[in-house]
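Chain by chain, the residues run as shown.
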Amino acid sequence: MPKPAIFTRKVITWALYDWANSAFALSVLAVLFPLVLGNYWGVGDNGSAATIRLGWVTFAASIVVFVLAPVLGTIADAGGYRKRFLFVFATLGASMTAALGLVGEGDWPLALVFYLFASVGYYSSVVFYDSLLIDVTEPRNYSVVSTFGFSVGYLGGATLLALHLWMLKSPETFGLATATEAFSYAFYSVGAWWLLFLLPLLFAVPEQHSLTEVTSGRIRAAYAELRATFAEVRKYRNVAMFLCAYWLYIGGVFTVIFMAVNYGQRLGFADSDLVMALLISNFVGFPATLVFGALAHRFGARQGIYFALLVYIGACIWSLQMSDVRQFYILAAVIGMIQGGAQGLSRSVYASLIPADQPGEFFGFYSMTTKFAHILGPAMVATAAMLSDDPKWVLLAVMPLFFAGGIILALVRLPESTKASR
């Protein structure tokens, strides 16, 4: 009897949301917003002012999602409203991103407000998107489907960023007068792209409905349920153990992603070279993450995560002696090969560990852990920077996160569905 297909219509339309929201993650978070904040909205201010503002608004968004994610997941599970919440937060993120194109020169406070709401919309929508993984495929296919989503996201984000770079270098080709006008249309295009590729998921992806409903005082009931969920997570030893491991090593992963451009700047590389490296990383990430998922499906998800962590450690060690921009390009390609796999396999392992009737609630904790990891790595990097002006010391601060996370991951007992499919 032939095996059922993995890449069904449900899986493809689910993955298209990664294509949709990765435009915000790459174009806005990594490139457009930092550039415009420093050069246009904060014109006349020194460079450190833009860094401080960006740091605080990112911290604020992380705190909001950290607090809301488990509660939103509880509410969504109670009524089977995960797709509705996904639509609400994706629409919030897309509209606030488009609104950034309307912000005038020097008006950085308004830009920070729009960016805060856009970030909250982005990170909150991912809670519900992640939780729909269990609705589109079987547990034995979580690894390959989850990494497929990340690979599609890399391709989508890089495609739109390449278009934005073209707009900025040659605005007249698009009928625009200046690069400043091109920045505005870049923000508009991210919002439109985000909403356009959200639509297939809303119509084609099914959603399991819980038998439990919160009938009154839904918000109060959700916060009351939060305490019970903490107790529930403690009952699931493997879930709690995995979240500890994930918190550590994913903190290292995100630190490498978000510190890469800053590290290259401190080594004296040109901004154009840094953006090109970002494109290389994402275009390499598309096929590499697909291959990563297929290998993990064959040999086991945990082995795939271990391989990624070893590559991260090796990349950090190699970066200690890096001095040439060509080495930076090679490093970007290497990181692109494994960063989507590490994140995709983590999501698939977690999906296999949690109870099937509480995906929103447990993925709320997953998102909360992810956002808390955003604080861990940068704090260690900041401490290292205070101790030494040499930027290479920040790499030494990140490596213990990969080691500790890998050790705790070894203590997690995985179900057979995440092991080798021979």
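Look up a bit, the structure's there.
All of these numbers come straight from a predicted model, not from anything done at the bench.

K.L.:
Explanation requested: the overall build of the protein chain in the structure shown.
P.N.:
Looking only at helices and strands, the protein chain has 15 helices and zero strands in total. The buried share among the 422 residues of the protein chain stands at 55%. The contacts of the protein chain with a sequence gap of at least 6 include a subset with a gap of at least 24, amounting to 85%.

K.L.:
What am I meant to see in the packing of helix H1 (residues 9–41) against helix H6 (residues 142–169) here?
P.N.:
When two helices pack together, their arrangement is captured by the angle between the axes and the distance separating the axes. The N-to-C vectors of H1 and H6 enclose an angle of 45 degrees; their axes lie 6 Å apart at closest approach. The pairing of H1 with H6 is recorded here as oblique in orientation. Crossing handedness for the pair H1 and H6: right-handed. The residue makeup of the contact of H1 with H6, split by class, is 19 nonpolar, nine polar and one charged.

K.L.:
Could you clarify how one ought to interpret the pattern of salt bridges in this entry?
P.N.:
Pairing is possible between side chains of opposite charge, provided their charged atoms come close. This model, assessed by the stated rule, comprises four salt bridges. Among the salt bridges present, the one from Arg 347 reaches Asp 18, with a minimum N-O distance of 3.8 Å. Of the two residues, Arg 347 sits in helix H13 (residues 325–353) while Asp 18 sits in helix H1, which places them 329 residues apart along the sequence. When sorted by exposure, Arg 347 lands in the same class as Asp 18, which is buried.

K.L.:
What is the right way to look at the packing of H1 against helix H7 (residues 179–196) in this model?
P.N.:
It is at 9 Å that the axes of H1 and H7 come closest, and there the two elements cross at 155 degrees. As summarised for this structure, H1 and H7 are arranged roughly antiparallel, according to the angle between their axes. As for how H1 packs across H7, the hand of that crossing is left-handed. Considering only residue class, the contact of H1 with H7 consists of 17 nonpolar, three polar and no charged.

K.L.:
How should the packing of aromatic side chains be read in this particular structure?
P.N.:
Two numbers describe a pair of aromatic rings. These are the distance of the centres and the angle of the planes. Counting across every chain of the model gives 21 aromatic pairs. Ring geometry for Trp 19 against Trp 193: centres 5.5 Å apart, planes inclined by 10 degrees, an arrangement best described as stacked. Highlighted residues: Trp 19 in helix H1 and Trp 193 in helix H7, separated in sequence by 174 residues. Consider the rings of Tyr 246 and Tyr 249, whose centres lie 5.8 Å apart with planes at 85 degrees: the pair is edge-to-face. Highlighted residues: Tyr 246 and Tyr 249, both in helix H10 (residues 237–266), separated by three residues, approximately one helical turn. We classify Tyr 246 as buried; its relative accessible area is 4%. One aromatic cluster in this structure is built from Phe 24, Tyr 122, Tyr 123 and Trp 194.

K.L.:
What exactly am I supposed to notice about H13 here?
P.N.:
Residues spaced three or four apart along an α-helix face the same direction, because each turn holds 3.6 residues. Taking 1.5 Å of rise per residue, 29 residues should cover 42 Å, and H13 covers 42 Å from first to last C-alpha, within 8% of that figure. Between the side-chain oxygen at the start of H13 and the backbone nitrogen of Arg 326 there is a gap of 2.7 Å, and the oxygen is on Asp 324.

K.L.:
Would you mind showing me how to read the environment of Gln 208 here?
P.N.:
Residue placement: Gln 208 occurs in the loop between helix H8 (199–204) and helix H9 (218–235). Sequence spacing of Gln 208 and Asp 135 is 73 residues, and the spatial spacing of their C-alpha atoms is 6.6 Å. For Gln 208, the contacting residues outside a window of four places in its chain are Gly 80, Arg 82, Ile 134, Asp 135 and Ala 356.

K.L.:
Just checking my understanding: could you explain the environment of Ala 158 for this structure?
P.N.:
Among the secondary structure elements, Ala 158 is positioned in helix H6. Here Ala 158 is in contact with Leu 26, Leu 279, Asn 282 and Phe 283, once residues within four sequence places are set aside.

K.L.:
Is there a simple way to think about the nonpolar core in this case?
P.N.:
If you look at soluble globular proteins, the nonpolar side chains tend to sit buried side by side. Trp 14, Phe 242, Tyr 350 and Phe 402 are the most contacted members of the largest nonpolar core, which totals 114 residues. A per-element tally of this core places H1 first, with 15 residues. Discounting chain neighbours no more than four positions away, the residues touching Phe 402 are Tyr 249, Gly 252, Val 253, Val 256, Leu 309, Tyr 312, Ile 313 and Cys 316. By size, the runner-up hydrophobic cluster in this structure holds eight residues, among which are Leu 161, Val 275, Leu 278 and Leu 279.

K.L.:
Can you help me understand a nonpolar patch on the surface in this one?
P.N.:
Residues Trp 56, Phe 59, Ile 63 and Val 67 make up a contiguous nonpolar surface patch of about 390 Å² in total accessible area. Looking at the element boundaries, Trp 56 is found in helix H2 (residues 47–79). Note on Trp 56: relative accessible area 58%, which makes it exposed.

K.L.:
Any chance you could explain the side chain of Ser 27 here in plain terms?
P.N.:
Counting through the fold element by element, Ser 27 comes out in helix H1. Overall, the relative accessible area of 0% leaves Ser 27 in the buried class. Every residue in contact with Ser 27, bar those within four places of it in the chain, is listed here: Ser 22, Leu 32, Phe 33, Leu 160, Leu 161, His 164 and Val 190.

K.L.:
Quick question: what am I supposed to make of helix H4 (residues 108–131) here?
P.N.:
Taking 1.5 Å of rise per residue, the 24 residues of H4 would be expected to cover 34 Å, and the 35 Å separating its terminal C-alpha atoms lies within 8% of that figure. Among the 24 residues of H4, 18 are classified as buried, and the element is accordingly described as predominantly covered.

K.L.:
Just checking my understanding: could you explain the environment of Pro 139 for this structure?
P.N.:
Its location among the elements puts Pro 139 in the loop between helix H5 (133–136) and H6. Residues Pro 139 and Pro 415 lie 276 residues apart in sequence; the distance between their C-alpha atoms is 9.5 Å.

What counts as what
All residue numbers refer to position in the chain's written sequence, counted from 1. It should be noted that, the model being predicted, local features are given only for residues of pLDDT at least 70 and side-chain atom pairs only at 80 or more, the latter also being counted only at that level, while totals for whole chains, interfaces and linings use all residues. Hydrogens and water are ignored here; the side-chain numbers use all heavy atoms of the structure. For the purposes of this entry, the term helix denotes a DSSP run of H or I that reaches at least four residues, the term strand denotes a run of E that reaches at least two, and both are numbered from the N terminus. Each residue is assigned to one of three classes by its accessible area relative to the maximum for its type, calculated with a 1.4 Å probe on protein chains only: buried under 20%, partly exposed between the two thresholds, exposed over 50%. Contacts were defined at the residue level, with two residues in contact if any of their heavy atoms lie within 4.5 Å. Every axis in this analysis is a line fitted to C-alpha atoms, fitted for helices over the stretch in contact. Angles between the N-to-C directions lie between 0 and 180 degrees. Angle categories: roughly parallel below 35 degrees, roughly antiparallel above 145, roughly perpendicular from 65 to 115, and oblique for all the rest. Whether a crossing is left-handed or right-handed is set by the direction in which the near helix is turned from the far one by less than a right angle, anticlockwise for left-handed and clockwise for right-handed. All residues other than Ala, Val, Leu, Ile, Met, Phe, Trp, Tyr, Cys, Pro, Asp, Glu, Lys and Arg, Gly among them, are scored as polar; the first ten of these are nonpolar and the last four charged. A pair is scored as a salt bridge if a Lys or Arg side-chain nitrogen falls within 4 Å of a carboxyl oxygen belonging to Asp or Glu. We call Phe, Tyr and Trp rings a pair once their centres come within 6.5 Å, taking the six-membered ring for Trp, and we label the pair stacked below 30 degrees between planes, edge-to-face above 60, and tilted otherwise. To estimate how far a helix should extend, the number of its residues minus one is multiplied by 1.5 Å. Polar contact is defined as a pair of N or O atoms within 3.5 Å, subject to the rule that within protein one atom must be able to donate a hydrogen and the other to accept it, and that residues adjacent in sequence are counted only when both atoms are side-chain atoms. Residue types Ala, Val, Leu, Ile, Met, Phe, Trp, Tyr and Cys, when buried and joined through side-chain atoms within 4.5 Å, form a set referred to as a nonpolar core. Think of a patch as exposed residues, more than 30% relative accessible area, with no salt bridge, where like charges cluster within 9 Å and nonpolar side chains (Val, Leu, Ile, Met, Phe, Trp, Tyr) cluster within 5 Å. Only the protein chains shown count as covering a residue, and every accessible area follows the Shrake-Rupley method with a 1.4 Å probe.

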